[in-house]
Structure formats: structure tokens, C-alpha cells
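Survey of secondary and tertiary structure
Letter by letter, the chains look like this.
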Amino acid sequence: MKFFDTTLRDGEQMPGISLTVDEKVQIGMALDELKVDYIEAGFAAVSPDEAEAVRRIARDAAYAEVASLARANKADIDAAVDADVDMVHVFIATSDIHMKYKLRMTRDEVLRRIAESVEYAKSRGVRVLFSAEDATRSDLGFLVEAFKTAIEAGADEINVPDTVGVMTPSRMRYLVEHLKAKLPPVPMHVHCHDDFGMAVANTIAAIEAGAEVAQVTVNGFGERGGNAALEEVAAAARFLLGREVGLRLERLYETSRLVARLFGIQLQPNKAVVGDNAFSHESGIHVHGVLNNPFTYEPMMPEAVGNRRRIVLGKHSGRHSVEWALKQMGLEPSPELVDYILRRVKDYAASKRPVDEKALKAFVEEFRGVPVFL
Ligand code: KIV
Ligand code: ZN
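In this text, all values refer to a predicted model and were calculated from it rather than measured experimentally.

**A few points about the packing of helix H6 (residues 140-152) against helix H7 (residues 169-182)**
Following both chains from N to C, one finds H6 and H7 inclined at 50°, their axes separated by 11 Å at the closest point. Viewed along their axes, H6 and H7 adopt a mutual orientation that is oblique. Here H6 runs over H7; the crossing is right-handed. Here H6 contributes Leu-140, Leu-143, Val-144, Phe-147 and Lys-148 to the contact with H7, which in turn contributes Tyr-174, Leu-175, His-178, Leu-179 and Lys-182. Here the residues of the contact of H6 with H7 are counted per class, giving 7 nonpolar, 1 polar and 2 charged.

**With respect to the packing of aromatic side chains**
Tallied over the entire structure, the rule returns 5 aromatic pairs. Summarising the aromatic geometry, the rings of Phe-4 and Tyr-38 are spaced 5.4 Å apart at their centres and angled 45° between planes, so their arrangement reads as tilted. Here Phe-4 is found in strand S1 (residues 2-5), whereas its partner Tyr-38 is found in strand S2 (residues 38-42), with 34 residues between them in sequence. The exposure class of Tyr-38 is buried, given its relative accessible area of 4%. Aromatic pair Phe-221 and Phe-263: ring centres 5.1 Å apart, planes at 35°, arrangement tilted. Taken as a pair, Phe-221 in the loop between strand S8 (213-216) and helix H9 (230-240) and Phe-263 in helix H10 (residues 252-263) lie far apart in primary sequence, 42 residues in all. Each member of the pair, Phe-221 as well as Phe-263, is classed as buried. Positioned over the ring face of Tyr-120 is Lys-74, at 5.0 Å from the centre of the ring.

**Quick word on H7**
In this model, H7 (14 residues) spans 20 Å end to end at C-alpha, consistent with the 20 Å of a helix rising 1.5 Å per residue. Listing the buried residues of H7 in full gives Met-172, Leu-175, Val-176, His-178 and Leu-179. Buried positions in H7, seen along its axis, are confined to an arc of 165° and lie on one side of it. Opposite the packed face of H7, turned more than 90 degrees from it, sit the exposed residues Ser-170, Tyr-174 and Ala-181. Those residues of H7 that are buried lie in contact with H6, strand S6 (157-162), strand S7 (188-192) and helix H8 (199-208).

**A word on the site of ligand 1**
Arg-9, Asp-10, His-89, Phe-91, Ser-131, Glu-133, Asn-159, Pro-161, Thr-163, His-191 and His-193 make up every residue found near ligand 1. His-191 is positioned with one of its side-chain polar atoms (N or O) 3.1 Å from an oxygen atom of ligand 1. Starting from 260 Å² of accessible surface for ligand 1 in isolation, the protein chains cover 95%. Elements supplying a minimum of two residues to the shell around ligand 1: strand S4 (87-93), strand S5 (127-133) and S6. Partitioning the shell around ligand 1 into residue classes produces 2 nonpolar, 6 polar and 3 charged.

**Points about the pattern of salt bridges**
Applying the stated rule across the entire model yields 32 salt bridges. The closest approach of N and O atoms between Arg-251 and Glu-33, which form a salt bridge, is 3.0 Å. Placement of Arg-251 in the loop between H9 and H10 and of Glu-33 in helix H1 (residues 21-34) is noted, with a sequence separation of 218 residues between them. Residue Glu-33 is classed as partly exposed on the basis of its relative accessible area, which comes to 40%. Residues Glu-365 and Lys-361 are paired through a salt bridge, measuring 3.4 Å at the closest nitrogen-oxygen approach. Taken together, the positions of Glu-365 and Lys-361, both in helix H14 (residues 357-368) and 4 residues apart, correspond to about one turn of that helix. Judged by its relative accessible area of 23%, Glu-365 falls in the partly exposed class. Lys-361 gets classed as partly exposed once you look at its relative accessible area, which sits at 28%. Shared partners join several salt bridges into a network, and the residues in it are Glu-65, Lys-122, Arg-127, Asp-156 and Glu-157.

Parameters at a glance
- Residues numbered from 1 in each chain as written.
- Chains lettered and ligands numbered in written order.
- Predicted model: local features only at pLDDT ≥ 70, side-chain atom pairs only at ≥ 80, totals over all residues.
- Heavy atoms only, no water.
- Axes fitted to C-alpha atoms, helices over the stretch in contact; angles between N-to-C directions.
- Helix = DSSP H or I, 4+ residues; strand = E, 2+ residues; numbered from the N terminus.
- Parallel < 35°, antiparallel > 145°, perpendicular 65-115°, else oblique.
- Left-handed = near helix turned anticlockwise from the far one by under 90°.
- Contact = heavy atoms within 4.5 Å.
- Nonpolar A, V, L, I, M, F, W, Y, C, P; charged D, E, K, R; others polar.
- Phe/Tyr/Trp six-rings, centres within 6.5 Å; stacked < 30°, edge-to-face > 60°.
- Buried < 20%, exposed > 50% of the residue type's maximum accessible area, 1.4 Å probe, protein only.
- Lys NZ or Arg CZ within 6 Å of the ring centre and 35° of its normal.
- Expected span 1.5 Å × (residues − 1).
- Arc of directions from axis to C-beta.
- Near = heavy atom within 4 Å.
- Polar contact = N/O pair within 3.5 Å; in protein donor to acceptor, adjacent residues only side chain to side chain.
- Areas by Shrake-Rupley, 256 points an atom, 1.4 Å probe, with all protein chains shown as cover.
- Salt bridge = Lys/Arg side-chain N within 4 Å of Asp/Glu carboxyl O.

Put into C-alpha cells, the structure is as follows:
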């Protein structure tokens, strides 16, 4: 399977986010090093700065194919092609609600526009990805017709966006199988939004059903509830489906942090795969298990995704955690010392303070009555 990252386009559409050209290029280069297959670097028609960022990423990306979004009109397509991209991502809505209230176009007019815009983009010598916006709320027969029209006009790849995140995994499986059966064989992308918290599950369902490309954003950043998170789809594809993913998974944590920093958004600790708690253990039972064999309470190794394991001392700790922490500090965990520290850790944690190495050292000094030099 392949990854189409749209952090720099759909991710940046997150309310309140505006990256500078340099910030976009920095993220673009990190995505290229991660080895995503495609980078949607932006929407070139939006502004000269946006076009400049797209151009620089297209020039400097050594591995990824670089795309720009374009509405189904000549001006947008020209702006994308003039930014020297490898691929133009042409989109137009195909759901009745979008055609009536947004585009004010009939179905026939939309089909005509698809054919004209895809043909025009192809005539400018680029690869073309065609998206039927709001595909998952479109009339199924019309959606097939729209994709057929795009493919006949020369679209190299097609995308099935779940624009307002209304799919479930079983519906997604049905839709992808149906489209695969009805359409000529071109690579199929899926683009899932997270309005009901199912973007990753829907993406995985689509991949299992035969879609070849997952459209994702780093940390799931994007409009409203966001998009399918790159790191979650990648880890699930690799470790649950056993798929070969070309990504350098060990760079996921670092890339996630870079994007969070430049977007100015702090990640929640319980974020899957790249959160600080993704491989953290406090409860005595869990720590005992993990210290004997990490797979007792971890579904993958933290290093595989660039994260690390943390053993946290707190209210739920047991003797094994304390012994482990003392050994990490180079101290001998005598039974008396462990008993004392465990009692102190629980008291201390009850006042909602983190039991870090400094606090632990202070407890050892209390017990011994002399300073400890580490
Ligand atoms: O969510 C969506 O429909 C999109 C399209 C432009 C692909 O982002
Ligand atoms: Zn989207």
C-alpha cells in the first residue's frame, strides 16, 4: 500500500493554522525523509506564497511524488502545473447536496466539467488524481459515472473522499469493493475524515477491501475532527494487517513532534502510537508484565515507531516498578528501601505531583539520612 500525505493541504486547513513557506518546506522535507509516496504540498492557486511552498517542495523532494490540489478549472490547474508538481489533484463534488447548494450545477454539468478539467490537466503533461468530493454521500450510480468519466478523460488515479466522515468500516468495505468491480483498474485512494472518530478504522477497512493508497495527515490534523492519522494508519497496516509499508516507521515520532510544534498544537498524551503515554506503564501488574516481556502490554515495540517506553511511578505502582527505577538510578533495591519508597511514592502521587527522578532521589535520601550522589 502507499501513503498520500496531505498534512500541508488538508492538515493546514485546520482552523487558525497558517504555516510560513519555510515551515511548509521543513515539513515537506521531513515527510520526504519519512518516505511517504506522495506529498500534497498545498493548493497552489490559494496565494503566491502557497505556490512558492509547493514549488520548493516539488523541487527538493527526492523520494515523494509532489501534488497540488486544484478545483476543476483551468486557472487552478495552471497554478498547480506552474508550481512544477508531478501530480495535479483535481476535485469536484458529486453529492446532490454539494452540487445543488454549493456548485449550483446539474449532474450533467458536473460530468462535463470533470471530462474537460481532467483532459486539460493531462494536456499539461502531469499525472492526474481525480477526487469526487463528498463521494460517500453521493448517489452510488452517479459516483461510478463520475469516476468513469474522469478515468476515460485520462485520470491516472482516483480518490474516494469521506468528506464529512460519515462512513463505518463495513460501509467502506462495501463501497470500495463496489467501485473496484465497476471501474477500470486504476489506483484508488481513500481520504477519511474523523467526524465520528472512525477515520483510521475506515481507512484500514478500505485498504483491506482493495484500495491501494491511504490519504492521511500527521497527527490526524485537519478540518473539524481531522483526518486519518498517518502514524496510526501506518502502524495498523504494518502491525495488524502485516502489510509492507515503504515508510521509515522509526521516524514517525520525530515527524509527529515536528508537525505539532510548527502547527502550535500540543498532542494529547494518550495519542495512539506517538503520544507520550502510548508506551507508558504505571500499574504494578502491567509493569511486572512489561519488564518480563514487553508484548504482555504493548502491541508493538516503541522503537519501531520512534517512541520509547516509560515506566511511571504513581498511585498504581508496585514493588517491581520501584525496584526497576532504583536499578535505573544505579541503586541497590533492598526490600526495606523498596517498601519505604513505595509508601512515599503513593503518598506523593496522592497529592497529584509527578514522581520523577528528583522526587525519587529525595525519598532515598530521606531513607538513608545522607545525600545520594548519582
Ligand atoms: O475532504 C475532502 O473531500 C477533500 C477533497 C478535496 C479531497 O479534502
Ligand atoms: Zn479532506
